Amino acid sequence: PSVQPRSSFSDRDARTSELFDQLAAATCEEERDRVIEQVVLLYLDLCAAMAGRYDGRGIEHDDLVQVARLALVKAVRRYEPGHAPSFAAYAVPTISGELKRWFRDRGWVVRPPRRLQELRADLQAVRARSVSR
């Protein structure tokens, strides 16, 4: 995934602050939902990047992205401006925690020792390199 330049992160942070101000001022559920959707759309790339960190561990990438996106919605609904340096600083641990919980609950059916799990990941990496050649 491409890395956004610092200015685009600060632009996104500024837009996020505006949206949370709108969310606080929203007077009806439809307006709240519209603003929440706009915040979520701003951070979909974050979900994809975080889900990508867990690729190759036995769960489909699309499932991981979906878990991350649901966690993002949860983060938007729970975030209180001023209680974290930025929304992203709040959202990242929320998304990461949901992904880890997903692995804990739906990952390995039989829990092999960590060393065997690591060997499996190494083997998959070698296979991927040999296929791409």
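Structure: see above.
Residues numbered from 1 in each chain as written. Predicted model: local features only at pLDDT ≥ 70, side-chain atom pairs only at ≥ 80, totals over all residues. Heavy atoms only, no water.

### Re the packing of aromatic side chains
Using the criterion set out here, one finds 6 aromatic pairs in the structure. With 5.3 Å between their ring centres and 80 degrees between their planes, Tyr79 and Phe87 make a pair best called edge-to-face. Residue classification places Tyr79 among the buried residues on the basis of a relative accessible area of 11%. Grouped by ring-pair contacts, the aromatic residues Phe20, Tyr43, Tyr79, Phe87 and Tyr90 constitute a single cluster. (Phe/Tyr/Trp six-rings, centres within 6.5 Å; stacked < 30°, edge-to-face > 60°. Buried < 20%, exposed > 50% of the residue type's maximum accessible area, 1.4 Å probe, protein only.)

### A look at the packing of helix H3 (residues 44-52) against helix H5 (residues 87-106)
Relative orientation of the contacting elements H3 and H5 amounts to 45 degrees, with a least axis distance of 11 Å. By the angle between their axes, H3 is oblique relative to H5. The hand of the H3/H5 crossing is right-handed. Along the contact surface, H3 presents Leu46, Cys47, Met50 and Ala51, while H5 presents Val92, Ile95, Ser96 and Leu99. Considering only residue class, the contact of H3 with H5 consists of 7 nonpolar, 1 polar and no charged. (Axes fitted to C-alpha atoms, helices over the stretch in contact; angles between N-to-C directions. Helix = DSSP H or I, 4+ residues; strand = E, 2+ residues; numbered from the N terminus. Parallel < 35°, antiparallel > 145°, perpendicular 65-115°, else oblique. Left-handed = near helix turned anticlockwise from the far one by under 90°. Contact = heavy atoms within 4.5 Å. Nonpolar A, V, L, I, M, F, W, Y, C, P; charged D, E, K, R; others polar.)

### Looking at a negative patch on the surface
Taken together, the side chains of Glu29, Glu30, Asp33 and Glu37 define an acidic patch exposed on the protein surface. Relative to the elements of secondary structure, Glu29 occurs in helix H2 (residues 29-42). (Patch = residues over 30% accessible without salt bridge, like charges linked within 9 Å, V, L, I, M, F, W, Y side chains within 5 Å. Areas by Shrake-Rupley, 256 points an atom, 1.4 Å probe, with all protein chains shown as cover. Salt bridge = Lys/Arg side-chain N within 4 Å of Asp/Glu carboxyl O. Lys, Arg positive; Asp, Glu negative; His and termini not counted. Charge placed at Lys NZ, Arg CZ, Asp CG, Glu CD.)

### A few points about the nonpolar core
Counting residues in hydrophobic clusters, the biggest one holds 29 residues, and the most contacted among them are Leu72, Val76, Phe87, Ile95 and Leu99. Breaking this core down by element, the ones donating at least two residues are helix H1 (6-25), H2, H3, helix H4 (61-78) and H5. Broken down by element, the residue count for this core peaks at 8 residues, all from H4. Sequence-distant contacts of Val76, defined by excluding residues within four places in its chain, comprise Phe20, Ile36, Val39, Val40 and Phe87. (Core = buried A, V, L, I, M, F, W, Y, C linked by side-chain atoms within 4.5 Å.)

By themselves, these are just geometric observations and shouldn't be taken as functional.
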